[in-house]
Amino acid sequence: MKRKVRTIDCACLNFTKQFFSLTVRQPAEVLFAVLALFFFDKMDCFAQSATDRENSSPKHVLMLFNEGKDVPGNIILEQAVRTEMQKNSTNRIEFLAEYLDASHFSDKEHFRLFEDYLGKKYAGQNLDLIMSFPSRDYRLAGELPNALFSDVPVVFIAVNEMDVPQAVGKFGVTGIVQRFDIRGTLGLIMRLQPDTRRVVVIGGVSDVDRATLGRIAEASQALEGIKFEFWTNRPVAELPEAVKSLPEGTVVLLSTVLNDVSGQTFYMAQLAQMLAPSASVPVYVLGGWALGDGALGGSVVDSEDLGARAGQLALRVLGGANPKTLPIEVATKGTPMVDWRALQRWRIKESRVPANGVIRYRPETLWDEHRNLILFSLAVFLAQAVTIGGLLRQRNRRRKAEAEILNQRTELAHVTRVSTMGQLTSALAHELNQPLGAILRNTEAAEILLQNEKPDLEEIRAILADIHKDDQRAGNVIERMRSLLKRRSLELKSFDLNELLAETITLAQSDATSRQVNLILQMPAVPPTVRGDRVHLQQVLLNLILNGMDAMADAAKFQRQLTVRAEMAKDGNVEIAVSDCGSGISPDKLKHLFEPFFTTKANGMGMGLAISQTIIEAHGGKIRGENNATRGAVFKFTLPADQK
Amino acid sequence: MNPPPESGTVFIVDDDESFLRSVSRLLRAAGYFVQAFDSAEKFLEQLAPEMSGCVLADLQMPGLNGLELQEALAKSANPLPVVFLSAQGDIPTTVQAMRRGAEDFLTKLSPKEKLLDAVRRALARGAQERSERVRLQKLRVRFDALTPREMEVLEHVVRGKMNKQIADDLGINERTVKLHRTNLTRTLQVQSVAELTRLVEKAGLFKHGDTK
């Protein structure tokens, strides 16, 4: 049990490492991934525990490796096998692994010790399957298991160019011999770099290495006009320097170097790591595991795919299939695979990679790398956008409403102006009839004068001058009326306040006369300049004046006095006060004065003061109403004086 | 074309300087004597009993307005006829003005013919009222010669009372009544009671006295 747990943990760790190094960079995602793995792992354990009860005997698989633990190709291969088998087995599988490490300990004595060790270690152990990963020879697939565990079926996986000895078959062994896809790799070289004229092949001197080189030489025959150089007589240690100055049109192809001339072992991944980064030309490889450290690519053996196939084969054998009936599979299929970073380095277009090719190490797009973060951000952004949209809509609505209110206020201002005009109609008709009457009388007089034999031309000239004047006077009255009646929004202009006051008093004068009200105007000696809308302010003034006159309707005639007084206040504002001598405003009504529809008049609309307040406040002023100390009420409003 | 100028002056009262000037011009051109005033107060100040003619007044004026001018004029010793000339008249004002004896109520935009016609009528009426007033005054001067007692007796006589009744009413002798009658017919130069009654009526005497 202890061992089982350790192994699974190790697998997990391995997988996690891989997952981490390949795809995950965000610490949060690592955490997530680990948690997920842990979770799945637990699930797996439970699942397995469940099957244990039905199928109480776990399967024991011993994996025998010819090389050490750190051969990159093997690590991937082993992991792929384990994953495949665990995934598809109904039984719990315990994996055991042993490493001969033939690269470092190649003598026969060592092999004997290893064999001895295995024999002692696994004596009495119930092994269900031996999986062998031979490299230099097939002893681990044939003789050794046959000698130690003769009744245990064997499945092997070999990646090399060596022929499987006939002898292996007789031990009841099956397996997969994966050949390097040399033709495919050469084809990929020509495809990615059509200008290639020279291929430098780096290989070793062991039997395995020679076999590989032989296959390469054989395949090179198909390519005419391209020179193949086989660098086998140099120690690998010299190679990094040698590949730095290779001329253009050359590529390097890494073969296997189980032993170089100096007797050292180099795995293809090691070679790639040593040579590719500093090489002056692209480096191609035959094994997928050698990619990632600078090599450009190759039609490589895909260890994961191979592991999966091997796993399936092993499961069939575990399931009871007789290895003898399963022929040894020799696979030559490679997968065109390139390192995206190397493509960039050598400025090779991605479009040159064959359609079935795999491009590795492409920096994950933001989407790949931060999918969740992006989705989350998008969701947040969307929510934000919706919120903002909502707020904007609200603001739009509010603006519309405000515009509508402004519109209605203008409308209302217009209506009250019209009603003010209504109140002023007789006064205005009077205003207009004065000049018109004068004109009429003058023309009639002129007609009569002209009937004389000697018309008094002097008088007629005076008449014409008067007619002209009165005509202008009538025009002015109409203009005043028109501007007062015009439907309009606020137009701010600087103007002389005294002039406006005088004009307004004139407008109200005839009404005041008919109501026998004495209108008094008190203006500052220096005419204040005010910035505002003349017509609207005139409306306010007229409104206050008419109100004041209304308030005095019941007052004794001698008391009917309305004073309009303008003066500069201390704060730089101009204060205009309209004071009447009526009966004043009762205290309970004072605070409601400016409320819409509040009126003390029988026929009042109650809008005059409300509108006046709106207008004054729109000018940045204030309006208030109070009772005079002596008699009547006074309405005061301020306007900011124009500082210019 | 010119209408025969009536005797008398047209007194124009209007606060609108321009209109005042224009209407003065028209009336002058039409052959009238014209005197212009820009306020009712100024006109009333200059009003004298011997002034004859009519008043052409605006209705709306600061200070005394047209109706108040009419009222003041009616109370004066020289109640000249008034024609109102208003820029804008309303019905209540018009009714009030006419009820108080205005000759006419025109707007400032009334045609010249209407205006001149109204002025002519007002002048005619003014002249007639003036001569009537003069005649009455002359008659009244004749009555002024009577003693208070003779006036008392006269009043009883024109009310158709017998001497005896008069003597009882006044608490005097019947013969004394006869003596007073003889004296007053002589002073008044009348021949009969009928003539005496007509004279009293013309002079407008005892109109408000109620029958005892």
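Residues numbered from 1 in each chain as written. Chains lettered and ligands numbered in written order. Predicted model: local features only at pLDDT ≥ 70, side-chain atom pairs only at ≥ 80, totals over all residues. Heavy atoms only, no water.

**Q** Requested: an account of the overall build of chain B, with residues and values cited.
**A** On a plain count of helices and strands, chain B comes out with nine helices and five strands. Secondary structure elements of chain B, listed N to C terminal, follow the sequence β-α-β-α-β-α-β-α-β-α-α-α-α-α. Every one of the 212 residues in chain B was classed for burial, and the buried ones make up 45%. In the structure as shown, chain B presents an accessible area of about 11,100 Å², 52% of it carried by carbon and sulfur atoms. (Helix = DSSP H or I, 4+ residues; strand = E, 2+ residues; numbered from the N terminus. Buried < 20%, exposed > 50% of the residue type's maximum accessible area, 1.4 Å probe, protein only. Areas by Shrake-Rupley, 256 points an atom, 1.4 Å probe, with all protein chains shown as cover.)

**Q** I'd love a proper account of the interface of chain B and chain A, names of residues and values included.
**A** Many authors give the size of an interface as the accessible area that is lost as the parts come together. Tallying the contact residues gives 27 residues for chain B and 29 residues for chain A. In total, about 2,300 Å² of surface goes out of reach between chain B and chain A, with carbon and sulfur atoms giving 51% of it. The largest contributions to the chain B side of the interface with chain A come from Arg 25, Gln 60 and Leu 109 of chain B, which together make up 28% of the buried area. The interface formed by chain B and chain A holds six salt bridges in total. Of the charged contacts in the structure, one is a salt bridge between Glu 459 of chain A and Arg 25 of chain B, with a shortest N-O distance of 2.9 Å. On inspection of chain B and its partner chain A, the count reaches 13 residue pairs in polar contact (both at pLDDT 80 or more). Every element with two or more residues in the side of chain B that touches chain A is listed here: helix 1 (17–29) and helix 5 (112–144) of chain B. The element best represented in the side of chain B that touches chain A is helix 1 of chain B, accounting for eight residues. Looking at side-chain class alone, the side of chain B that touches chain A contains 12 nonpolar, eight polar and seven charged residues. (Contact = heavy atoms within 4.5 Å. Buried area = accessible area lost by both parts, 1.4 Å probe. Salt bridge = Lys/Arg side-chain N within 4 Å of Asp/Glu carboxyl O. Polar contact = N/O pair within 3.5 Å; in protein donor to acceptor, adjacent residues only side chain to side chain. Nonpolar A, V, L, I, M, F, W, Y, C, P; charged D, E, K, R; others polar.)

**Q** Any details on the side chain of Glu 68 of chain B? Residues and values, ideally.
**A** Positionally, Glu 68 of chain B belongs in helix 3 (residues 66–75). At 2.7 Å, the side chain of Glu 68 of chain B and the side chain of Lys 557 of chain A are in polar contact. Leave out the neighbours within four places in its chain, and Glu 68 of chain B touches Gln 516 and Lys 557 of chain A together with Gly 63 of chain B.

**Q** A description of the sheet that holds strand 5 (residues 173–178) of chain A should follow, citing residues and the corresponding values.
**A** Within a beta sheet, neighbouring strands are joined by backbone hydrogen bonds and run either parallel or antiparallel to one another. All names here are of chain A. The six strands are arranged 2-1-3-4-5-11 in an open sheet whose pairing can be described as parallel. Looking at strand neighbours, the two that pair on one side only are strand 2 (93–99) and strand 11 (329–331), the edges of this open sheet. Neighbour-to-neighbour, the strand axes of this sheet turn through a mean angle of 15°, independent of strand direction. Bridge analysis of strand 5 against strand 11 gives three bridges, and the strand direction is parallel. Bridging across to strand 11, Ile 176 finds its partner in Glu 329. (Pairing = 2+ DSSP bridges. Axes fitted to C-alpha atoms, helices over the stretch in contact; angles between N-to-C directions.)

**Q** With reference to specific residues and values, describe a nonpolar patch on the surface.
**A** On the surface, Trp 367, Leu 375, Leu 378 and Phe 381 of chain A cluster together into a nonpolar patch covering about 400 Å² of accessible area. Within the element layout of this structure, Trp 367 of chain A appears in helix 13 (residues 366–369). (Patch = residues over 30% accessible without salt bridge, like charges linked within 9 Å, V, L, I, M, F, W, Y side chains within 5 Å.)

**Q** Describe the pattern of salt bridges, and please don't skip the residues or the numbers.
**A** Residues and elements named next belong to chain A. Summed over all chains, the structure comprises 52 salt bridges over all chains. A salt bridge links Asp 116 to Lys 120, with the shortest nitrogen-to-oxygen separation between them at 3.6 Å. Within this pair, Asp 116 and its partner Lys 120 are both found in helix 4 (residues 108–121), separated by four residues, close to a single helical turn. Take Asp 116: its relative accessible area is 34%, and that puts it in the partly exposed class. For Lys 120, a relative accessible area of 63% corresponds to the exposed category.

**Q** I'd like to hear about the packing of aromatic side chains, residue by residue, with values.
**A** Residues and elements named next belong to chain A. Throughout the structure, instances matching the rule amount to 10 aromatic pairs over all chains. Consider the rings of Phe 65 and Tyr 99, whose centres lie 4.8 Å apart with planes at 15°: the pair is stacked. Residue Phe 65 is found in strand 1 (residues 59–65), and its partner Tyr 99 is found in strand 2; the two are separated by 34 residues along the sequence. Assessed through its relative accessible area of 0%, Phe 65 is described here as buried. Judged by its relative accessible area of 21%, Tyr 99 is partly exposed. Here the aromatic cluster, defined as three or more aromatic residues joined through ring pairs, consists of Phe 65, Tyr 99 and Phe 133. One Lys or Arg, Arg 139, reaches over the ring of Phe 111 and ends 3.9 Å from the middle of that ring. For the cation-ring pair, Arg 534 lies above Phe 495, with the distance from its terminal atom to the ring centre recorded as 5.7 Å. (Phe/Tyr/Trp six-rings, centres within 6.5 Å; stacked < 30°, edge-to-face > 60°. Lys NZ or Arg CZ within 6 Å of the ring centre and 35° of its normal.)

**Q** With reference to specific residues and values, describe the environment of Phe 495 of chain A.
**A** Residues and elements named next belong to chain A. One can find Phe 495 in strand 14 (residues 493–496). In this structure, the C-alpha to C-alpha distance between Phe 495 and Arg 534, residues 39 residues apart in sequence, is 7.6 Å. Among residues more than four places away in sequence, those in contact with Phe 495 are Leu 500, Pro 528, Thr 529, Val 530, Gly 532, Asp 533, Arg 534 and Leu 537.

**Q** Any chance you could break down the packing of helix 7 (residues 163–170) of chain B against helix 8 (residues 174–188) of chain B for me, citing the residues and the numbers?
**A** All names here are of chain B. Running from N to C, helix 7 and helix 8 cross one another at 110°; their axes reach a closest spacing of 8 Å. The angle between the axes of helix 7 and helix 8 places the two elements in the roughly perpendicular class. In this structure, helix 7 contributes Asn 163, Lys 164, Ile 166 and Ala 167 to the contact, and helix 8 contributes Glu 174, Val 177, Lys 178 and Arg 181. Residue classes in the contact of helix 7 with helix 8 are distributed as three nonpolar, one polar and four charged. (Parallel < 35°, antiparallel > 145°, perpendicular 65-115°, else oblique.)

**Q** Explain the nonpolar core to me, and be specific about the residues and the numbers.
**A** Residues and elements named next belong to chain A. In this structure, Met 85, Met 131 and Leu 254 are the most contacted members of the largest nonpolar core, which totals 74 residues. Of the residues forming this core, the biggest block, seven residues, is contributed by helix 11 (residues 303–318). Excluding residues that lie within four positions of it along the chain, Met 85 makes contacts with Val 61, Ile 93, Phe 95, Leu 129, Met 131, Gly 311, Ala 314, Leu 315 and Leu 318. Val 477, Leu 507, Leu 542 and Phe 594 belong to the second-largest nonpolar core, a separate cluster that totals 46 residues. (Core = buried A, V, L, I, M, F, W, Y, C linked by side-chain atoms within 4.5 Å.)

**Q** Any chance you could break down unusual backbone geometry for me, citing the residues and the numbers?
**A** All names here are of chain A. For Arg 347, which is not glycine, the phi torsion reads 50° and is therefore positive. Structurally, Arg 347 can be placed in the loop between helix 12 (340–345) and strand 13 (358–360). Looking at Arg 347, the relative accessible area reads 75%, which means it is exposed. For Tyr 361, which is not a glycine, the phi torsion comes out positive at approximately 60°. Its relative accessible area of 29% is what places Tyr 361 among the partly exposed residues.

**Q** Mind laying out the packing of helix 3 (residues 72–88) of chain A against helix 11 of chain A, listing which residues take part and the relevant values?
**A** Residue and element names in this part refer to chain A. Between helix 3 and helix 11, whose axes approach to 7 Å, the crossing angle comes to 45°. Considering the angle they form, helix 3 stands oblique to helix 11. Like other packed secondary-structure pairs, helix 3 and helix 11 cross with a definite hand, here right-handed. On the side of helix 3, the interface is formed by Gly 73, Ile 76, Leu 77, Ala 80, Val 81, Glu 84, Met 85 and Asn 88, while helix 11 contributes Ser 303, Glu 304, Leu 306, Gly 307, Ala 308, Ala 310, Gly 311, Gln 312, Ala 314, Leu 315 and Leu 318. By residue class, the composition of the contact of helix 3 with helix 11 is 11 nonpolar, six polar and two charged. (Left-handed = near helix turned anticlockwise from the far one by under 90°.)

**Q** Explain the pairing of strand 20 (residues 633–640) of chain A to me, and be specific about the residues and the numbers.
**A** Residues and elements named next belong to chain A. Burial runs high along strand 20: seven of the eight residues are buried. Strand direction decides the pairing type here: strand 18 (residues 573–579) and strand 20, joined by seven bridges, are antiparallel. By the bridge assignment for strand 20, Ile 576 is matched with Phe 637. Sheet topology note: the strand 19 (residues 623–627)/strand 20 ladder contains five bridges and is antiparallel. When the bridges of strand 20 are listed, Gly 625 appears paired with Phe 635.

**Q** Tell me about the confidence of the model for chain B, and name the residues and values.
**A** Taken residue by residue, chain B gives an average pLDDT of 85. The fraction at 70 or more is 94%. Across the assembled chains, the prediction reports ipTM 0.75 with pTM 0.42. (pLDDT = per-residue confidence, 0-100.)

**Q** Tell me about the sheet that holds strand 2 (residues 33–37) of chain B, residues and numbers included.
**A** Residues and elements named next belong to chain B. The parallel open sheet is built from five strands, whose spatial order is 2-1-3-4-5. Every other strand in the sheet has two partners, leaving strand 2 and strand 5 (104–107) as the edge strands with one partner each. Going across the sheet, the axis of each strand differs from the next one's by a mean of 20°, ignoring polarity. As paired strands, strand 1 (residues 9–13) and strand 3 (residues 53–57) are joined by five bridges and run parallel to one another. If you follow Ile 12 over to strand 3, its bridge partner there is Leu 56.

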